[in-house]
Amino acid sequence: MAIDWKKYDPNGCYDELISTPGYARAAARNLTAWLRKLSDEDLQTRKLDAELAIIDKGVTFTVYSDGENIDRAWPFDIIPRVIQLKEWRRIETGLKQRLHALNLFINDLYHDQKIIKDGVIPASLIAKSKGFREECIGIEPPHNVWAHICGSDLVRDSDGTMYVLEDNLRVPSGVSYMIENREVTKRVLPELFENNNILPVDDYPDQLMAMLQSISPNKRTRPEVAVLTPGIYNSAYFEHAFLARSMGAELVEGIDLVIEPDGYVYMKTIKGLARVDVIYRRIDDSFLDPETFNPDSVLGVPGLMKAWREGKVALANAPGCGVADDKVVYTYVPDIIRYYLDEEPIIPNVPSYRCNIKEEREYVLANLENMVVKPANESGGYGMLVGPQSTAKERAQFKRLIRKNPRNYIGQPALSLSTAPTLCDNKLEPRHLDLRPFILQGKDTYVTAGGLTRVAMKRGSLVVNSSQGGGSKDTWIVDTEKR
Amino acid sequence: MLSRVAERIYWLARYIERAENTARLVNTYHFLLLDMPRGTKVGWHILPYIAGSSELFNECYQRQDERNTVKYLLADSINPASIVNSITMARENARTSRDELPGYAWEQINELYIYTRDNVSTALARRGRFSFLTETILRCQQLTGLLAGTMSHDLRYDFIRIGRNIERADMTTRVIDIGAMSLKEEDEARAHDVHVWTSMLHALNAYQMYRKDVQLGVHCEDVVGYLLQNNYFPRSVTHCIDQIEESIAILPKYKDPLAQLRATRRRVDKIKPATLTAESLHKEVDQIQIGISALHGQICSTWFE
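Residues numbered from 1 in each chain as written. Chains lettered and ligands numbered in written order. Predicted model: local features only at pLDDT ≥ 70, side-chain atom pairs only at ≥ 80, totals over all residues. Heavy atoms only, no water.

### Things to note about the confidence of the model for chain B
Residue and element names in this part refer to chain B. The line we're drawing: Confidence scores per residue from the predictor, reported as pLDDT, run from 0 to 100. Secondary structure elements are defined from DSSP: runs of H or I of at least 4 residues count as helices, runs of E of at least 2 residues count as strands, and each element is numbered from the N terminus.
Of the residues in chain B, 96% have a pLDDT of 70 or more, and the chain-wide mean is 90. The lowest-confidence element of chain B is helix α2 (residues 46–50), averaging 81 in pLDDT; the highest-confidence one is helix α12 (residues 237–248), averaging 97. Interface confidence for the predicted complex, expressed as ipTM, amounts to 0.78; the pTM equals 0.84.

Encoded structure:
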């Protein structure tokens, strides 16, 4: 027998599958009952099957520090994480609300800046933002949407409340792994799909394609969409290729694109030049166009910004939308929702302390060992301090960093992230996790059914990033009412 | 299909073919020289000349001896056409167009790369040379077969075929040129002709097929005729050109490359091997090489730029 659920102890954290020792949450009941019947050997076999499937399918990711070996097999745990459909519907509405408000906010910043004039957001915040791009002022992208693809990280605290930890609006990645995780799970745990109503996730590429075509500035029955990748050495190259393939779009690099004298963007094909209407760009703003931004960039396309500004091509996400992907701006999102939508936020923010405000900064500095400190403009878990697991030396270093550049840091109380049973050396043990759903906004708005669950594979660890040894799980949205 | 993808696939095929051909040429030459009497003028120095890079070779090496030549052709990072470099470039092209290729092809290329990188030093001495070169040839052929047997024969595969055959045609003309040069230098010793031409057939894997087809023994004009004009042997210049024509004709915008190809084909057709001297053979081969190189130029400007 693989597991005695009575002996499974999440150590005071909210567990996604088990409510009290021995009792599963409603949506997870079939899963836990089935796991209980499984022998140790059987569980191991399934685990090996999953590993093989991942290698066969070539699901990889890249770690920059790994030298020659640029592709590693994707780390995956076979035990799914389960969320009840009823709860999910509420989260879904909350995520749409959030992205709507953020897009209104970005659009406002590049036009009248009413929110600043009305005193909701301090002007200094935007003036010092790395993501604010002068070049974008006055531009009106289709549907007034700037952030078309958003990956918001959700975490659950010990009382069961789901919080938004951050919004990734630049080039969020992970959605291909969400789809691959489901494919693998269907291969290795097929029995469970028969008796559960699990929402499918594989419509994402269709939804993405429809959204991208809906923002085409050019009237055409079938707008030409291309995925712009920095190339094979980028950590998310697997995903770029995956999405292009599953949408039937071309996967292009900067050198494949050219701006012709008519101002439109073309890709070089063996048939000649073919006009591109929408570019799903997976490279950062600053590398997009050497004429406008970083002149040394060989990844971008000279003149691309001009073509975008003239409305000849759509870029998703739009340049400049990173202004809202800033950890300090994040702390204002509840106010932003209230200001533009006149609604209360459905999903709360993690309580946050802004180091640019004196009282809040002093609180952070005084409580470093209980806080998580994050730089405003980093992603991938780089450059942050996890207070409870830090050394005195690290804390002293962060004190200096915060004092030197307070605008660049926020502090959050270290939450006790929720857990789920995870297969570790033959045994199911609780491990901390988060969830990254993906939200699309073009003409319509769409949220993935669940998202990518990332799990910290080390006991007690709160760091779930795959670049730092995290793993992943399939995420099930289960309808328990439909039988 | 993106021009960049087409270009990478084309070069992938060329580099693999080049590595295989170079390996076979060095292997054959190695055995030919063992048969030659001492003091003969047929020597290793011909090989860099034939590869079109004798100037570079002479710049880098003082002595045109066996060790230096073999090192230059197999392992040298300075020689862009060395086996190790060809395979490294093939791997780089495969890596950056991986999604267009069958998954096993990438693994195969990667293994080939690791094999040549780790073992090439054993081939610098005579003793380990044969097994390294044979293994390299086999692995290249395995890859060619893998692509032929597992990849859709669509436009992507056309660029593989074009690349492979243009490289083959080019190598065949170079091998004929080696024969021509050996004749020229050895006029006092025509007795070695048969050895030289037999080796040239071996260098193209053509010996057995030639014997079946020609049955007259190995004579200069018969070998030259076979390697240039035979319709069935896969490495004869005519056969390669026909293969390229089949692929080119189904691509868009084929007019200019096709015209160039047909001009070269006519030139090959017109050659009458029995009337050639060493001198005129060399000139003819030179003209064909110019034609092939012009065809490459047309392919680049039509589809890759």
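### Regarding the pairing of strand β13 (residues 278–281) of chain A
All names here are of chain A. Let me state the cut-off plainly: Relative accessibility thresholds used throughout: buried, under 20% of the residue-type maximum; exposed, over 50%; partly exposed, between the two (1.4 Å probe, protein chains only). If DSSP finds at least two bridges between two strands, the strands pair.
Side chains Val278 and Tyr280 of β13 all project onto a buried face; the interleaved residues Ile279 and Arg281 project onto the opposite face, where all are buried too. With three bridges joining them, β13 and strand β14 (residues 314–316) adopt parallel strand pairing. Along β14, the bridge assignment pairs Ile279 with Leu315.

### Regarding the interface of chain B and chain A
Put simply, an interface is often sized by how much accessible area is lost when its parts join up. The condition that has to hold: Between two residues, a contact is recorded if the distance between any of their heavy atoms is within 4.5 Å. What makes a salt bridge here is a side-chain nitrogen of Lys or Arg within 4 Å of a carboxyl oxygen of Asp or Glu, nothing more. Under the grouping applied here, Gly and all other residues not named as nonpolar or charged are polar, the nonpolar ones being Ala, Val, Leu, Ile, Met, Phe, Trp, Tyr, Cys and Pro and the charged ones Asp, Glu, Lys and Arg.
Of the residues lining the interface, 19 residues belong to chain B; the matching set on chain A comes to 20 residues. Among the salt bridges present, the one from Asp99(B) reaches Arg245(A), with a minimum N-O distance of 3.5 Å. Counting only elements with at least two residues in the side of chain B that touches chain A, the list comes to α1 (3–35), α5 (83–95), α8 (155–185) and α14 (278–304) of chain B. It is α1(B) that contributes the most residues to the side of chain B that touches chain A, four residues altogether. In the side of chain B that touches chain A, the residues fall into eight nonpolar, three polar and eight charged.

### Comments concerning the packing of helix α13 (residues 255–270) of chain B against α14(B)
Residue and element names in this part refer to chain B. Let me state the cut-off plainly: An axis is simply a line fitted to the C-alpha atoms; with a helix, the fit covers only the stretch in contact. Between two such axes, the angle follows the N-to-C directions and lies from 0 to 180 degrees. Just so you know how the angles are binned, under 35 degrees is roughly parallel, over 145 roughly antiparallel, 65 to 115 roughly perpendicular, and the rest oblique.
Contact geometry of α13 with α14 gives a least axis separation of 9 Å together with a crossing angle of 170 degrees. Regarding the angle of α13 to α14, the classification is roughly antiparallel. The residues of α14 that touch α13, namely those facing Asp256, Pro257, Gln260, Leu261, Thr264, Arg267 and Val268, are Glu284, Gln287, Ile288, Gly291, Ile292, Ala294, Leu295, Gln298, Thr302 and Trp303. Residue composition of the contact of α13 with α14, grouped by class: eight nonpolar, six polar and three charged.

### A short note on helix α11 (residues 220–229) of chain B
Structural remark: α-helix, 3.6 residues per turn; residues separated by three or four positions point the same way. Among the ten residues in α11(B), seven count as buried, and that is most of the element. Restricting attention to buried positions, one finds in α11(B) the residues Cys220(B), Val223(B), Val224(B), Gly225(B), Tyr226(B), Leu227(B) and Leu228(B).

### Quick notes on a nonpolar patch on the surface
Residues and elements named next belong to chain B. Worth spelling out the cut-off: The residues that make up patches have over 30% relative accessible area and no salt bridge, and they are joined within 9 Å when like-charged or within 5 Å when they are Val, Leu, Ile, Met, Phe, Trp or Tyr. Surface exposure here means Shrake-Rupley accessible area, sampled with a 1.4 Å probe, where a residue is shielded only by the protein chains that are shown.
On the surface, a cluster of nonpolar side chains totalling about 290 Å² of accessible area is made up of Phe31, Leu34 and Phe130. Of note, Phe31 is situated in helix α1. Its relative accessible area of 39% is what places Phe31 among the partly exposed residues.

### Comments concerning the domain arrangement of chain A
Residues and elements named next belong to chain A. For the record, the criterion: Segmentation into domains, and thus their bounds, comes from an automatic or database assignment. Put simply, buried area is how much 1.4 Å-probe accessible surface two parts lose in total, over both of them, once they are put together.
The domain boundaries assigned to chain A delineate domain 1 (5–217 + 313–349 + 415–478) and domain 2 (353–413). Computed over C-alpha atoms, the centres of domain 1 and domain 2 are 24 Å apart. Taken together, the contact pairs 23 residues of domain 1 with 18 residues of domain 2. Between domain 1 and domain 2 lies a buried interface of about 1,700 Å² when both sides are counted; carbon and sulfur atoms form 46% of it.

### Quick notes on the packing of aromatic side chains
Counted only if it meets this: Note on aromatic contacts: the rings of Phe and Tyr and the six-membered ring of Trp form a pair at centre separations within 6.5 Å, being stacked when their planes are under 30 degrees apart, edge-to-face when over 60 apart, and tilted otherwise. A positively charged side chain is recorded as over a ring if its NZ (Lys) or CZ (Arg) lies within 6 Å of the ring centre. The angle to the ring normal must also be within 35 degrees.
The final tally for this structure, using the stated rule, is 26 aromatic pairs over all chains. With centroids separated by 5.8 Å and ring planes inclined at 75 degrees, the aromatic side chains of Phe31(B) and Phe130(B) adopt a geometry described as edge-to-face. Taken as a pair, Phe31(B) in helix α1 and Phe130(B) in helix α7 (residues 126–150) lie far apart in primary sequence, 99 residues in all. Cluster of aromatic residues (ring-pair linked, three or more members): Tyr10(B), Trp11(B), Tyr15(B), Phe159(B), Trp303(B) and Phe304(B). We note Arg354(A) situated over the ring of Tyr332(A); from NZ or CZ to the ring centre the distance is 4.1 Å. Its guanidinium or amino end placed over the ring of Tyr113(B), Arg91(B) lies 4.1 Å from that ring's centre, counting from NZ or CZ.

### Describing the state of the cysteines
Residue and element names in this part refer to chain B. Worth spelling out the cut-off: Cysteine sulfur atoms that pair up within 2.5 Å are treated as a disulfide.
A complete count under the given rule lists zero disulfides over all chains for this structure. Looking at Cys240, it has no disulfide partner, and the nearest cysteine sulfur is the one in Cys140, 16 Å off. Among the residues examined, Cys240 registers a relative accessible area of 0% and is labelled buried. Distance from the sulfur of Cys300, which forms no disulfide, to the nearest cysteine sulfur (Cys240) is 18 Å. In this structure Cys300 comes out as buried when scored by relative accessible area, which is 12%.

### Remarks on the nonpolar core
Heads up, the condition is: Remark: nonpolar core denotes a set of buried residues (Ala, Val, Leu, Ile, Met, Phe, Trp, Tyr, Cys) joined through side-chain atoms within 4.5 Å.
Counting residues in hydrophobic clusters, the biggest one holds 235 residues, and the most contacted among them are Leu35(A), Phe105(A), Ile106(A), Tyr204(A), Leu208(A), Leu74(B) and Phe159(B). Ranked by the residues each element gives to this core, the list is headed by α1(B), at 16 residues. Residues in contact with Leu208(A), not counting those within four places in the same chain, are Ile149(A), Leu243(A), Met247(A), Tyr280(A) and Leu440(A).

### Brief notes about the sheet that holds β13(A)
All names here are of chain A. If you trace the four strands from one edge of the open sheet to the other, you get β9-β8-β13-β14, paired in parallel fashion. Strands at the two margins of the open sheet, each flanked by one partner only, are β9 (250–252) and β14. Averaged over all pairs of adjacent strands, the angle between their axes in this sheet comes to 30 degrees, without regard to strand direction. Pairing analysis gives four bridges linking strand β8 (residues 225–228) to β13, with the strands arranged parallel. The residue bridging Leu228 from the neighbouring strand is Arg281, located in β13.

### Observations concerning the pairing of strand β12 (residues 272–276) of chain A
Residues and elements named next belong to chain A. As paired elements, strand β11 (residues 265–269) and β12 share five bridges and run antiparallel to each other. Directly across from Lys268, in β12, lies its bridge partner Leu273. Between β11 and β12, which follow one another and run antiparallel, lie two residues.

### Considering the sheet that holds strand β10 (residues 257–259) of chain A
Residue and element names in this part refer to chain A. Across the sheet, three strands lie side by side as β10-β11-β12; this open sheet has antiparallel pairing. Whereas interior strands pair on both sides, the edge strands pair on one side only; in this sheet they are β10 and β12. Each strand axis lies, on average, 40 degrees off the axis of its neighbour in the sheet, ignoring direction.

### Focus on the pattern of salt bridges
Counting across every chain of the model gives 53 salt bridges over all chains. With a shortest N-O distance of 3.1 Å, Arg81(A) and Glu16(A) are connected by a salt bridge. Of the two residues, Arg81(A) is situated in strand β5 (residues 77–84) and Glu16(A) in the segment before β1 (18–20); the sequence distance between them amounts to 65 residues. The class for Arg81(A) is buried, based on a relative accessible area of 1%. With a relative accessible area of 2%, Glu16(A) lands in the buried category. Between Arg156(A) and Glu87(A) there is a salt bridge; the shortest N-O distance is 2.8 Å. One end of the pair, Arg156(A), is in strand β6 (residues 149–156); the other, Glu87(A), is in helix α3 (residues 85–109), with 69 residues separating them in the sequence. Through salt bridges with shared partners, one network takes in Glu17(B), Glu20(B), Arg24(B), Arg168(B) and Arg235(B).

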